[in-house]
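Working through the structure, step by step
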Amino acid sequence: MEVSVTVNGTVRSADVEPRTLLAHFLRDDLGLTGTNIGCDTSSCGACTVLVDGRSAKSCTLLAAQADGAEVTTIEGLAGEDGLHPMQQAFHECHALQCGYCTPGMVMAAVSLVDEYDDLDGDSVREGLEGNLCRCTGYQNIVKAVLAATE
Amino acid sequence: MTVTIARTLDDACAALADRPDAVVLAGGTDLMVEVNRGLRRMDDVVALDRVAELRGWDRDGDELRLGAATTCAELAGDELAPLVPALAQAARTVGSPQIRNAATIGGNLATASPAGDTLPVLAALDAVVEVRSVHGTRDVPIDGFVTGVKSNALAPGELIAAVRVPILDGPQEFLKVGTRNAMVISVASLALVVDRAGRNVRVALGSVAPVPVRAVEAEVLASDRIDWDAGAAPGPVVVDRFAGLVADAARPIDDHRGTAAYRRHAVEVLARRALRRAFTAGSGVAA
Ligand SMILES: Cc1cc2nc3c(=O)[nH]c(=O)nc-3n(C[C@H](O)[C@H](O)[C@H](O)COP(=O)(O)OP(=O)(O)OC[C@H]3O[C@@H](n4cnc5c(N)ncnc54)[C@H](O)[C@@H]3O)c2cc1C
Ligand code: FES
Ligand code: FES
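Predicted model only: the values in this text are computed from it and were never measured.

Within the structure, ligand 1 sits among 34 residues, and B:Gly27, B:Gly106, B:Gly107, B:Asn108 and B:Ala110 are positioned closest to it. Near ligand 1, the surrounding residues are drawn from chains A and B. Among the elements of the structure, β2 (23-25), α2 (31-36), α6 (97-102), α7 (105-111) and β10 (159-166) of chain B are those that each provide at least two residues to the shell around ligand 1. With five residues, the top contributor of residues to the shell around ligand 1 is α7(B). Among the residues forming the shell around ligand 1, the class breakdown is 19 nonpolar, 13 polar and two charged.

Here it is as structure tokens:
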């Protein structure tokens, strides 16, 4: 079936199998491999993207369900003047080690900061409860998210 | 496989009438997980998340009608939370932000898991489920809707269009025990709602029986012994008896998340806490 999604500001259309997941559409049809798949059961958050501005796990959403929607992936964050403040903060605070969770973590963090003004350490941890990191112990991730809000 | 992205409720019902074996897809947080794990096959799918009529809610006097595709994020949001505080509290504990953005009340109901967090609240509120098909609409009271572990009263071709709950004057509590704090499925949960006008307290339990259970004897005791004019909590002896009766209403089992004995103990503690909180000054009061 024909699916047409605005990804990072550009309308992208493809003829896909009806069962295609949004994560696979992004990675395989559009070549946007920044969105990782860790579990494919909505548990780890590695596949987090923004759909119409809200965080979503793209491993349990059909591409067909995103037809006509606006999707932002990690590739869509940086602008002409460089990294997005959240990416910059992750870089500066050493908020990643292997990097596998990072795209999803950054997207979830962007959505969190967008939704709440007065974040502190606890609310950042709570807001990122859907994103697992096997490496960092989260300390520097929380630091980075708070740094990005300053 | 076919996927129908329904845009109207009539479209969705017609698609289901055409393909009675089709599965209904809302947020996908239960269904797609099972599909990806290979536990469930999907041949024909009717997706409801783009049906505008299922997405909103409206208030008619003291009744709130929630479209089936209302998300947990919306239930927990500023508009709905003051109207049904316990439903908002329950919705806030579901999964993570990404899950709450997708997970719908209709999906939680249809899945009918003993651990479905909105279920005890809907049971305590005596919610009514609006079921729709090409043949029309029928109302199913919540205690007839959830028929067993992961089974419900929907016939082929039917879907949930909405859930109706009363807007009550009185405090409400939803409490949940899990194995950790973040993104957790409940081991035991309890919803308590107070109806000041009706002078009654209603309590329902989750995760301690195949279906949500009402603690009727405990409700009678509390409703009887509360000083409604002063709005004061009953004394410690009554609170203890209330909690004991709540625990008696549970029919828990041992499973990988907890033992029956632990669950019975947990609901007793939750019952005591909920009743005390509800009658402490400053507790959430519905509009
Ligand atoms: C990581 C994770 C954490 C979770 N945590 C919790 C939790 O803490 N508490 C909790 O209660 N749940 C939890 N869940 C389960 C799930 O999120 C909820 O049950 C959710 O409400 C399901 O809604 P949905 O819209 O995603 O349903 P879907 O997955 O789209 O559908 C679920 C079932 O309901 C049917 N269905 C959906 N809508 C309708 C309708 N309108 N009419 C008829 N049938 C319908 C579908 O056919 C399917 O069988 C969790 C899930 C995940 C993946
Ligand atoms: S890959 Fe989607 S949540 Fe893990
Ligand atoms: S940096 Fe390796 S999983 Fe998070």
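All names here are of chain B. Among the structural elements, Glu53 can be located in helix α3 (residues 52-55). In the structure, Glu53 is positioned 22 residues away from Leu31 in sequence and 22 Å away in space, judged by C-alpha atoms. Sequence-distant contacts of Glu53, that is, excluding residues within four places in its chain, are made with Thr8, Leu9 and Gly67.

Further remarks concern the domain arrangement of chain A. Residue and element names in this part refer to chain A. Taken domain by domain, chain A holds domain 1 (2-76) and domain 2 (85-149). Between the C-alpha centres of domain 1 and domain 2 there is a distance of 21 Å. Counting from both sides, the interface comprises 14 residues of domain 1 and, opposite them, 11 residues of domain 2. Where the side of domain 1 that touches domain 2 is concerned, the elements lending two or more residues are β3 (48-51) and β4 (54-57). Here the side of domain 1 that touches domain 2 takes three residues from β3, the largest share from any one element. Tallied by class, residues from the side of domain 1 that touches domain 2 come to six nonpolar, seven polar and one charged.

What counts, and at which threshold
Residues numbered from 1 in each chain as written. Chains lettered and ligands numbered in written order. Predicted model: local features only at pLDDT ≥ 70, side-chain atom pairs only at ≥ 80, totals over all residues. Near = placed C-beta within 6 Å. Helix = DSSP H or I, 4+ residues; strand = E, 2+ residues; numbered from the N terminus. Nonpolar A, V, L, I, M, F, W, Y, C, P; charged D, E, K, R; others polar. Contact = placed C-beta atoms within 7 Å. Domains from an automatic or database assignment.

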